[in-house]
Amino acid sequence: MNRRNFMGFGVLAMATLPAVLSAFDSIDFRKTKPDTWTAKTVDDAIKALYGDIKPEESGVTVKAPKVASNGGAVPVTVKSDIAAKTVAVFQNMNPESAVAVFNVPEDGIIDYFFKLKLKATDENGGNGVITAIVEGADGKFYKGKVALQVAKGGCEG
Amino acid sequence: MGNMKIKAKEKDGITKVKVLIKHPMLTYDQAKKKGVEANFITHITAKVGDKIVYDVSTSQFLSKNPMLKFKFKGAKKGDELTMSWVDLSGKTVSESKKIK
């Protein structure tokens, strides 16, 4: 191999490598993990999405009002400083558990706000809980949760 | 146009986005009672250029006319943010907004 060609190859390799590393594709978790969305309990939904995991209960903050007067639009915020691959949100009030699965881009900031429809907590007795699981770039799982009461359900016709 | 209200503001390298989407987000239970097909947004993506900055698979439990907020790094004022969603019926809507 002559020297000029060798150099050319090196430059080409350096130019293409970062492009490959930074490629970030959209993932449709409804297609890749269909069972997650039909699971009736939080544990089953987590299992369907991530398998048998034992998340650490740290590093993830979930915010919601203690008492939501209107279950039709309950504001929820999920925050974490963990370098993450995905963030999944579940709740135990509605017929199915999965709420949303975020695919976190490189350098992504986990500070997600959204509004949920939730059934009144007295319909199923006890507390409503919103759970967030963060799949870290380190391969570990982290968990955060918040308890809440929903006074008037938002899922009725 | 007019399906989404998008606000995107950049400060110190972080862009904050607030989006309001018009969609009934009809759950399976609600649809059954009304005798219509369930329909809700199943996936939402935001891009700046070719780069995905927000990507989420969603369920029927987002509120009606869902509101979302998120933050991301790497964009600057004047860049165009494109939000897209797809629902269960297969309908897709994309709208763009310049980052302020």
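Just so it is clear, the model here is predicted, and its values are computed rather than measured.

Scoring rules and cut-offs
Note that residues are indexed from 1 along each chain, following the sequence as it is written. Key to labels: chains lettered from A, ligands numbered from 1, both in the order written. It should be noted that, the model being predicted, local features are given only for residues of pLDDT at least 70 and side-chain atom pairs only at 80 or more, the latter also being counted only at that level, while totals for whole chains, interfaces and linings use all residues. As a rule here, side-chain values come from all non-hydrogen atoms in the structure, and water together with hydrogens is ignored. Under the scheme used here, helices are H or I runs from DSSP no shorter than 4 residues and strands are E runs no shorter than 2 residues, and both carry numbers assigned from the N terminus. Remark: exposure states derive from per-residue accessible area (1.4 Å probe, protein chains only) relative to the maximum for the residue type, with buried under 20%, exposed over 50%, and partly exposed in between. Residues are treated as being in contact if the distance between any of their heavy atoms lies within 4.5 Å. Surface accessibility follows the Shrake-Rupley procedure with a 1.4 Å probe radius. Residue values consider only the protein chains on display as shielding. The nonpolar core is taken to be a set of buried Ala, Val, Leu, Ile, Met, Phe, Trp, Tyr and Cys residues, with the residues joined through side-chain atoms within 4.5 Å. Two strands qualify as a pair provided DSSP detects at least 2 bridges between them. Simply put, an axis is a line fit to the C-alpha atoms, just over the touching stretch for a helix, and the angle between two N-to-C directions goes from 0 to 180 degrees. One side-chain nitrogen of Lys or Arg within 4 Å of one carboxyl oxygen of Asp or Glu is enough to make a salt bridge. Values labelled buried area give the accessible surface lost by two parts on being combined, using a 1.4 Å probe and summing over both. What the arc measures is the spread of directions leading from the helix axis to the C-beta atoms. Each aromatic pair joins two rings of Phe, Tyr and Trp (for Trp, the six-membered one) with centres within 6.5 Å, and gets the label stacked for planes under 30 degrees apart, edge-to-face for over 60, and tilted for any other angle. To sit over a ring, a charge needs its Lys NZ or Arg CZ within 6 Å of the ring centre and within 35 degrees of the ring normal.

(A) Fine view of the overall build of chain A. The number of helices and strands found in chain A is 3 helices and 8 strands. Walking chain A from its N terminus toward its C terminus, one meets helices and strands in the order α-α-α-β-β-β-β-β-β-β-β. The proportion of buried residues among the 157 residues of chain A is 44%. Within chain A, counting contacts between residues at least 6 apart in sequence, those at least 24 apart form 66% of the total. With the model as given, the accessible surface of chain A reaches about 8300 Å², and the carbon-plus-sulfur share is 55%.

(B) Just the nonpolar core, in detail. In this structure, A:Phe114, A:Ile130, B:Tyr54, B:Phe70 and B:Leu81 are the most contacted members of the largest nonpolar core, which totals 52 residues. Grouped together as the second largest cluster of nonpolar side chains are 15 residues, A:Ala39, A:Leu49, A:Tyr50 and A:Phe141 included.

(C) Looking closely at the sheet that holds strand S4 (residues 84-91) of chain A. The sheet built from 9 strands is open, its strands ordered S2(A)-S8(A)-S7(A)-S4(A)-S5(A)-S4(B)-S3(B)-S6(B)-S7(B) with mixed pairing. Unpaired on one side and paired on the other, strand S2 (67-68) of chain A together with strand S7 (92-98) of chain B mark the two borders of the sheet. By the bridge criterion, 2 bridges tie S2(A) to strand S8 (residues 141-150) of chain A in an arrangement that is parallel. By the bridge assignment for S8(A), A:Val67 is matched with A:Gln149. Lying over the sheet, helix H3 (residues 42-50) of chain A contacts S4, strand S5 (98-103), strand S7 (128-136) and S8 of chain A, oriented at roughly 155 degrees with respect to S4(A).

(D) Fine view of the pattern of salt bridges. Residue and element names in this part refer to chain A. Applying the stated criterion across every chain yields a total of 8 salt bridges over all chains. Here Glu57 makes a salt bridge to Lys143, at a shortest N to O gap of 3.8 Å. With a gap of 86 residues between them, Glu57 in the loop between H3 and strand S1 (60-63) and Lys143 in strand S8 connect regions that are remote in the sequence. According to the relative accessible area criterion, Glu57 is exposed, its value standing at 56%. Note that Lys85 and Glu135 form a salt bridge whose closest N and O atoms lie 3.7 Å from each other. Pair noted here: Lys85 is in strand S4 and Glu135 is in strand S7, with a separation of 50 residues, a long-range link. When its relative accessible area of 41% is taken as the criterion, Lys85 is described as partly exposed.

(E) Structural detail: the interface of chain A and chain B. Every contact between the two is made by 35 residues of chain A and, on the other side, 31 residues of chain B. Of the roughly 2700 Å² buried between chain A and chain B, counting both surfaces, carbon and sulfur atoms make up 54%. When the area that chain A buries against chain B is broken down by residue, the three leading residues are A:Arg30, A:Ile109 and A:Lys117, summing to 23%. Across the chain A-chain B interface, the total number found is 2 salt bridges.

(F) Geometry of H3(A). Residues and elements named next belong to chain A. Of all the positions in H3, only Val42, Ala45, Ile46, Leu49 and Tyr50 are classed as buried. For H3, the buried positions fall inside an angular range of 105 degrees around the axis, keeping them on one side. Elements in contact with the buried residues of H3: helix H2 (29-32), S4, S5, S7 and S8. Two residues or fewer past H3, Gly51 is found with a positive phi of approximately 90 degrees.

(G) Local environment of the packing of aromatic side chains. Summed over the entire model, instances satisfying the criterion amount to 8 aromatic pairs over all chains. Between A:Tyr112 and B:Tyr54, the aromatic rings sit 5.7 Å apart at their centres with planes inclined by 65 degrees, giving edge-to-face as the arrangement. Taken together, the positions of A:Tyr112 in strand S6 (residues 110-116) and B:Tyr54 in strand S4 (residues 51-58) put the pair across two chains. Here A:Tyr112 matches B:Tyr54 in class, with each residue buried. Judged by centre distance (5.7 Å) and plane angle (80 degrees), the ring pair of B:Tyr28 and B:Phe40 falls under edge-to-face. Taken together, the residues B:Tyr28 in helix H1 (residues 28-34) and B:Phe40 in the loop between H1 and strand S3 (41-48) connect sequence positions 12 residues apart. Assessed through its relative accessible area of 43%, B:Tyr28 is described here as partly exposed. Of the aromatic side chains, those joined through ring pairs into one cluster are A:Phe102, A:Tyr112, A:Phe114, B:Tyr54, B:Phe70 and B:Phe72. Taking the ring centre of A:Trp37 as reference, the NZ or CZ of A:Arg30 above it sits at 4.7 Å.

Remember that the coordinates give geometry; whether it matters functionally is a separate question.
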